2 protein chains.
Amino acid sequence: MENMNIKKLAKELNLSVSTISKALHDSYEIKAETKEKVLALAKQLNYQPNPFASSLRRNSSKTIAVVIPEIAHNFFSLVINGIESIAEELKYHVLIYITHEIPEKEEQIIQHLLNGRVDGILISSSGTTNNNAHYHELVQKGIPFVFFDRANFDVDAPRVTTDDYQAGFQATEHLIKSHCKHYAFLSLSNQMSAINHRKDGFLAALKQYQIEPDYIHIIEAGTDETLSFQIIRDFLQPLPESLGIFSSVEKLAIQTYHICKEINIRIPKQLKIISFSNLPTAALLNPALSTLTQPAFSIGKEAALLLFQSIKNKGKIQHITSLPNIILKSTLFIRESTKM
Amino acid sequence: MENMNIKKLAKELNLSVSTISKALHDSYEIKAETKEKVLALAKQLNYQPNPFASSLRRNSSKTIAVVIPEIAHNFFSLVINGIESIAEELKYHVLIYITHEIPEKEEQIIQHLLNGRVDGILISSSGTTNNNAHYHELVQKGIPFVFFDRANFDVDAPRVTTDDYQAGFQATEHLIKSHCKHYAFLSLSNQMSAINHRKDGFLAALKQYQIEPDYIHIIEAGTDETLSFQIIRDFLQPLPESLGIFSSVEKLAIQTYHICKEINIRIPKQLKIISFSNLPTAALLNPALSTLTQPAFSIGKEAALLLFQSIKNKGKIQHITSLPNIILKSTLFIRESTKM
DNA sequence: GAAGAGTACGAAAACGATTTCGTAATTAAA
DNA sequence: TTTAATTACGAAATCGTTTTCGTACTCTTC
C-alpha cells in the first residue's frame, strides 16, 4: 500500500483506469453513482494524484516562479505576500529564485526555466537594460511572464510598476521646499528601470526649481554592502552644506543613518533624507524617516493577476490589445528626517 | 522545432533514445566520441530535459518546500536566504508556502505535499502542539522534513532551533539588573515551542532572583494584528510601575514602540524593553532597541543541510544514530531601550 | 422495428525520460 | 581456435495520468 494510484483504484472497483480518471475529473461521461464510488474510495485510501504524471501529460505544472534580486528586503517580501495571496487562491505553487542582484544569475535562472517547469514567471529584473536575450527566449518559447517594479522596457511583456517619476519629483520637491542647498540622489546602479525613473523625477524637479548643477550629486553606491557603505561615507566627508538626500532604495537610507550615527551627523539639522521604503519601523527611527512607500502587496497581487490572465490566454489569438501596463501610486510620508 | 526532446535528438544522430539518455548522463556504456556528439547537438539545439518526465520516472523532484508562518518578517526572510544558499548550490528548487499562522492552513499544505511533489520539507510550525497527525503522515510516507525555530517536540524529526531558554534567561536577567519592578513577557500564543522556551527562561530568571508573582505578567497578544495592538495597549494603561518587557517576537516589540509613542510612554525611563529580533534598524530606533538576535541565516543553512542529508539517506537503514538536533546561539545586544 | 441519439464505460496511445535486459561486435585469455 | 569478457549500443517496459476513439447498450422517434 506504499503509494496509491489510479491503477489500484481501478482494480479495487473493477473499473478501467480511464473511468477512474474521468470520474475524478467529474466528467459528464461518468454517471453519478460511479463518481461517488470512486470519490469515496479515493478519499478512503487517501489517493493523491501524482503531480508529475499529470504535468507531463497536460503540459502544465500549476506552478509559477518568482525571480527577485533579494528576499531579506521589506519590499520584496511584501510583494511575495501579494503574489502568494493570489497563487494560493488559484491553487498554484510558487517557486522562489534569488539573483542576489547578479545579472548572470538571473539569466541562468531564466534559462533553466525554459524547460517548462513553470507555467509563468514574475520577474523583478536584476539585469542591465542591455542584455535581454533570455527574455526573448521566454517570449519565443511562449512562457508568459510579467515584470514588476524593475522592468525591462525593451521587452514586450506586461508590467506592474509604480509612478516612480512622479514620486521622485514629489520627494525632491519636498526636499527643495525644506530649503536644502545640495541635493544628492542615492542609486544602486544606472541600469535599473525603476531607479532611473526616480532619478529622472529628481532631476526634473531640480531643473524646474532652477537648482544649479554644482549642487546636484548622483551617487551610485552599487549593490555590494561594504562598498556602498564606503561610497556613502566618502560622499558625506566632508559634509556638503545643507544636504538633502533622496535615497532610491531603503537599504541605502539605512546605511546613511548608520553612517550619520557613526560620524555624528545630525538629521535633519545637517542632513535631510527621504527614501523609498517599506520599513514598518520608519516612524520609529531616530529621527523618523520620511518615506515614499510603494504599495508592495498590491504590486504582487496585480502582477500575479496579470500573469494568470496571461497563462489563461496562452495559445489564444493575441488580440491587438495594448500591452497591460499597470502603474500604481506610491505614498509620501513626511516625517522628521526632512524637517526644516 | 517547438520543443526539443530526446527522441528528436536521437533521430538527428541516428542513435537510439536510450543511447542519448545515457550519453547525457555520462554513462560508462557510451564511448567518449558519441557522448561528445550528443552533448554538442544538445547544446546546439538548446535541449532541456523535461523535468516532469524525469521526476515521474525517477520519483524525485529536486524540489523542496519551505513552510513558514509569515514571510514579511526579517527572521523568516533571512532564513529563506540561508536555505536558498544551500539549495542553489545543490541545484534544488524551493517552493514557498505561507500559513499565515493558521494551523489548519499548515495541515492543508502538508497534506497536499504528501503527493510527492517535493523531496523534502522545511517547516517552522504554526500548529498547536496538540495536532501533529499531518507530521506523522509525512513520516509514514517517508518524506523527509526538518523543523526550524518552531518545532513540534512530539514528532520524530530533525530540528534546528536556538538556545531559547538560555537567551530568555539572559534577557530577563539583564532586565532585572536594570532594576525593574514589574516584568512582562509578550507572547504570541502558548502553543509555540520556541516561544514557550523563552518564557520558561524568563520565569526561571525571575524565580532565581526571587521576584514576587504579583510583579510577573504574561501577555498573550495573539497573531491578529489589531487585536494584539489592543491587548498590549490595555496592558500599558495604566502603566505598571517600572516595567520591564521581554518581547518574544519582533512584531510585538514594534507594536509596543508604536503604542508608547502614541500614549507618550518614555522608553527606557518608564518602560524598558528587550526583544527577540532581526531588525536591521534596531540600533537606529528611538531609542535603540536591545535585542536578542537569532542567527537566522545560519538556521536556514543548517536546516537545509540537515534536510538534504536526510533526503540522501532516504531508504538506507536508519542507524540508531541520535536524532539530529542542532541548537544555535542567539546574541544579546544591549542598547538604550533597557538603559537604567 | 429500424435508424438515430444518447449513455457509460474500456482499450490503448500518448507525454518524455530512465532503466533493464538483450545482443552484436570486438578484444582478451586459454 | 575456442571461450570468455568487454564494449557500445538498441528494444522495450516503465513511471502515473490524460485523452482520443471505439463500442456495447439503452432509449427515442416515426
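Fair warning: this is a prediction, and the values are worked out from it, not measured in the lab.

1. Section: the overall build of chain A
- The helix and strand inventory of chain A stands at 12 helices and 12 strands.
- Taking 20 Å as the expected radius of gyration for a compact globule of 340 residues, we find that chain A reaches 26 Å, considerably beyond that expectation.
- The dimensions of chain A, computed from C-alpha atoms along their principal axes, are 85 × 40 × 30 Å.
- For chain A, with 340 residues in total, the buried portion stands at 54%.

2. Structural notes on the protein's contact with DNA strand D
- DNA strand D sits among 27 residues. The nearest are A:R57, B:S16, B:T19, B:K22 and B:E29.
- Backbone atoms, meaning sugar plus phosphate, form 58% of the atoms of DNA strand D positioned within 4 Å of the protein.
- A distance of 2.8 Å separates a phosphate oxygen of DNA strand D from a polar backbone atom of A:I6.
- Take B:T19: an N or O atom from its side chain is 2.2 Å from a phosphate oxygen of DNA strand D.
- If you list the elements that add at least two residues to the surface near DNA strand D, you get α2 (17–24) and α4 (51–58) of chain A together with α2 (17–24) and α4 (51–58) of chain B.
- Residues that form the surface near DNA strand D fall into these classes: 8 nonpolar, 12 polar and 7 charged.

3. Focus: the side chain of B:S77
- Among the structural elements, B:S77 can be located in helix α5 (residues 74–89).
- Judged by its relative accessible area of 3%, B:S77 is buried.
- Residues contacting B:S77, with those up to four places away along its chain left out, are A:I71, A:A72 and B:I71.

4. A short note on the pattern of salt bridges
All names here are of chain A.
- Within the structure shown, the criterion is met by 16 salt bridges over all chains.
- When the shortest N-O distance is used, the salt bridge between R198 and D164 registers 2.9 Å. Of the two residues, R198 is situated in helix α9 (residues 193–208) and D164 in helix α8 (residues 164–177); the sequence distance between them amounts to 34 residues. D164 shares its class with R198; the two are buried.
- It is possible to trace a salt-bridge network through shared partners that takes in D149, D164 and R198.

5. Quick look at the packing of aromatic side chains
Residues and elements named next belong to chain A.
- Counted according to the given criterion, the structure contains 20 aromatic pairs over all chains.
- Among the aromatic residues, ring-to-ring pairing joins F185, F202, F246 and F276 into one connected group.
- Sitting over the ring of F276, R198 keeps its end group 3.7 Å from the ring centre.

6. Thoughts on helix α6 (residues 103–113) of chain B
- Those residues of α6(B) lying buried are B:K105, B:E106, B:I109, B:I110 and B:L113. The buried residues of α6(B) occupy one face: seen down the axis, they fall within an arc of 130 degrees.
- Against the buried residues of α6(B) lie α5 (74–89) of chain A together with β1 (63–68), β2 (93–98), β3 (120–123) and α7 (133–141) of chain B.

7. A few points about the packing of α5(B) against helix α12 (residues 296–312) of chain B
Residues and elements named next belong to chain B.
- Closest axis-to-axis distance for the α5/α12 pair is 7 Å, and the angle between their directions is 45 degrees. Our classification of the angle between α5 and α12 gives oblique. Two packed elements cross with a definite hand, and for α5 against α12 that hand is right-handed. Residues F75, L78, V79, N81, G82, I83, S85, I86 and A87 of α5 touch α12, and the partners they reach there are A296, F297, I299, G300, K301, A304, L305 and F308.
- Class assignment of the residues belonging to the contact of α5 with α12 gives a composition of 12 nonpolar, 4 polar and 1 charged.

8. Observations regarding the domain arrangement of chain A
- Taken as a whole, chain A is organised into domain 1 (6–49), domain 2 (58–162 + 297–330) and domain 3 (164–294 + 332–338).
- Relative to domain 3 of chain A, the C-alpha centre of domain 1 of chain A lies at a distance of 63 Å.

9. Some details on helix α1 (residues 6–13) of chain A
Residue and element names in this part refer to chain A.
- Listed as buried for α1 are I6, L9 and A10. The arc enclosing the buried residues of α1, seen along the axis, measures out at 100 degrees, which places them on a common side. Pointing more than 90 degrees away from the buried face of α1 are the exposed residues K7, K11 and E12.
- Residues of α1 that are buried sit in contact with α2 and α3 (32–44).
- Immediately downstream of α1, the backbone of N14 shows phi near 60 degrees, a positive value.

10. Some words on the state of the cysteines
- In the structure shown here, the tally under the stated rule is 0 disulfides over all chains.
- A:C180 takes part in no disulfide bond, and the closest cysteine sulfur to it belongs to A:C260, at a distance of 13 Å.

11. Points about the sheet that holds strand β8 (residues 243–247) of chain B
Residues and elements named next belong to chain B.
- An order of β7-β6-β8-β9-β10-β12 is seen for the 6 strands of this open sheet, with the pairing classed as mixed. The open sheet has two edge strands, β7 (216–220) and β12 (331–333), and neither has a second partner. Between one strand and the next, the sheet's axes are offset by a mean angle of 15 degrees, whatever the strand orientation.
- The pairing of strand β9 (residues 271–276) with strand β10 (residues 290–293) spans 3 bridges and is classified as parallel. Across the sheet, the residue bridging to S275 is T291, located in β10.

12. Brief notes about the protein's contact with DNA strand C
- Looking at DNA strand C, there are 26 residues lining it, with A:T19, A:K22, A:E29, B:I6 and B:R57 nearest.
- Protein-proximal atoms of DNA strand C, defined as those within 4 Å of the protein, fall in sugar or phosphate at a share of 58%.
- Interatomic distance of 2.7 Å between a backbone N/O atom of A:S16 and a phosphate oxygen of DNA strand C.
- A:T19 is positioned such that a nitrogen or oxygen atom in its side chain is 2.3 Å from a phosphate oxygen of DNA strand C.
- Of all the elements in the fold, those that place two or more residues in the surface near DNA strand C are α2 and α4 of chain A together with α2 and α4 of chain B.
- Considered class by class, the residues forming the surface near DNA strand C number 8 nonpolar, 11 polar and 7 charged.

13. Some thoughts on the environment of B:K329
All names here are of chain B.
- In this fold, K329 is placed in the loop between β11 (325–328) and β12.
- Spatially, the C-alpha atom of K329 lies 32 Å from that of R233, the residues being 96 residues apart in sequence.
- Here K329 is in contact with D163 and P295, once residues within four sequence places are set aside.

14. Let's talk about the relation of the copies chain B and chain A
- Between chain B and chain A, the superposition needs a rotation of 180 degrees and an axial shift of 0.0 Å, giving an RMSD of 0.0 Å. Here the symmetry operator amounts to a two-fold rotation axis.
- A shared interface surface links the copies, since 100% of the contact residues of chain B are contact residues in chain A too.

15. A short note on the interface of chain B and chain A
- Taken together, the contacts link 51 residues of chain B with 51 residues of chain A.
- Across the chain B to chain A interface the summed buried area is about 4,700 Å²; carbon plus sulfur atoms make up 56%.
- Contact with chain A buries surface across chain B, with B:F52, B:H93 and B:L284 losing the most and accounting together for 16% of the total.
- Linking chain B to chain A there are 2 salt bridges.
- Here B:K105 and A:E88 are joined by a salt bridge, their closest N and O atoms 2.9 Å apart.
- At the junction of chain B and chain A, the tally comes to 23 residue pairs in polar contact (both at pLDDT 80 or more).
- Elements supplying a minimum of two residues to the side of chain B that touches chain A: α4, α5, β2, α6, α7 and α11 (250–262) of chain B.
- Per-class residue counts for the side of chain B that touches chain A are 23 nonpolar, 20 polar and 8 charged.

Basis of the calculations
Throughout this document, residue positions are counted from 1 along each chain, in the order its sequence is written. Throughout, the order in which chains and ligands are written sets their labels, letters from A for the former and numbers from 1 for the latter. Selection of residues for local features in this predicted model requires a pLDDT of at least 70, selection of side-chain atom pairs for listing and counting requires 80 or more, and totals for whole chains, interfaces and linings are taken over all residues. Only hydrogens and water are set aside when side-chain values are computed; all heavy atoms of the structure are taken into account. Here a strand is any run of E in DSSP of at least two residues, a helix any run of H or I of at least four, and the numbering for each starts at the N terminus. The reference for a compact globule is 2.2 Å times residues^0.38; the radius of gyration itself is calculated from the C-alpha atoms. Burial classification: accessible surface area is computed with a 1.4 Å probe over protein chains only, and a residue below 20% of its type maximum counts as buried, one above 50% as exposed, and the rest as partly exposed. Any residue with a non-hydrogen atom lying within 4 Å of a molecule or strand is treated as near it. We call two N or O atoms a polar contact when they sit within 3.5 Å, provided that within protein one can donate a hydrogen and the other can accept it, with sequence-adjacent residues counted only if both atoms are side-chain atoms. Each residue receives one of three labels: charged for Asp, Glu, Lys and Arg, nonpolar for Ala, Val, Leu, Ile, Met, Phe, Trp, Tyr, Cys and Pro, and polar for the others, Gly being one of them. Residues are treated as being in contact if the distance between any of their heavy atoms lies within 4.5 Å. Any Lys or Arg side-chain nitrogen found within 4 Å of a carboxyl oxygen on Asp or Glu counts as a salt bridge. In this analysis, rings of Phe, Tyr and Trp, with Trp reduced to its six-membered ring, are considered paired at centre separations within 6.5 Å, and the interplanar angle assigns stacked below 30 degrees, edge-to-face beyond 60, and tilted for intermediate values. Two limits define a charge over a ring: the Lys NZ or Arg CZ must be within 6 Å of the ring centre, and within 35 degrees of the ring normal. Arc, as used here, means the arc of the directions from the helix axis to the C-beta atoms. For helices, the fitted line uses only the C-alpha atoms of the stretch in contact; every axis is such a line through C-alpha atoms, and the angle between N-to-C directions lies from 0 to 180 degrees. For classification purposes, angles smaller than 35 degrees are called roughly parallel, those larger than 145 roughly antiparallel, those between 65 and 115 roughly perpendicular, and all remaining angles oblique. Definitions for this section: a left-handed crossing has its near helix turned counterclockwise from the far helix by less than a right angle. A right-handed crossing has that turn clockwise. These domain boundaries are the output of an automatic or database domain assignment. Note that a disulfide, as used here, is simply two cysteine sulfur atoms within 2.5 Å. Two strands pair under a simple rule: DSSP has to find at least two bridges between them. Only residues with pLDDT of at least 70 in both copies count here: their C-alpha atoms drive the least-squares fit that superposes the copies. Here the buried area means the combined drop in accessible surface, using a 1.4 Å probe, for two parts upon being joined, counting both sides.

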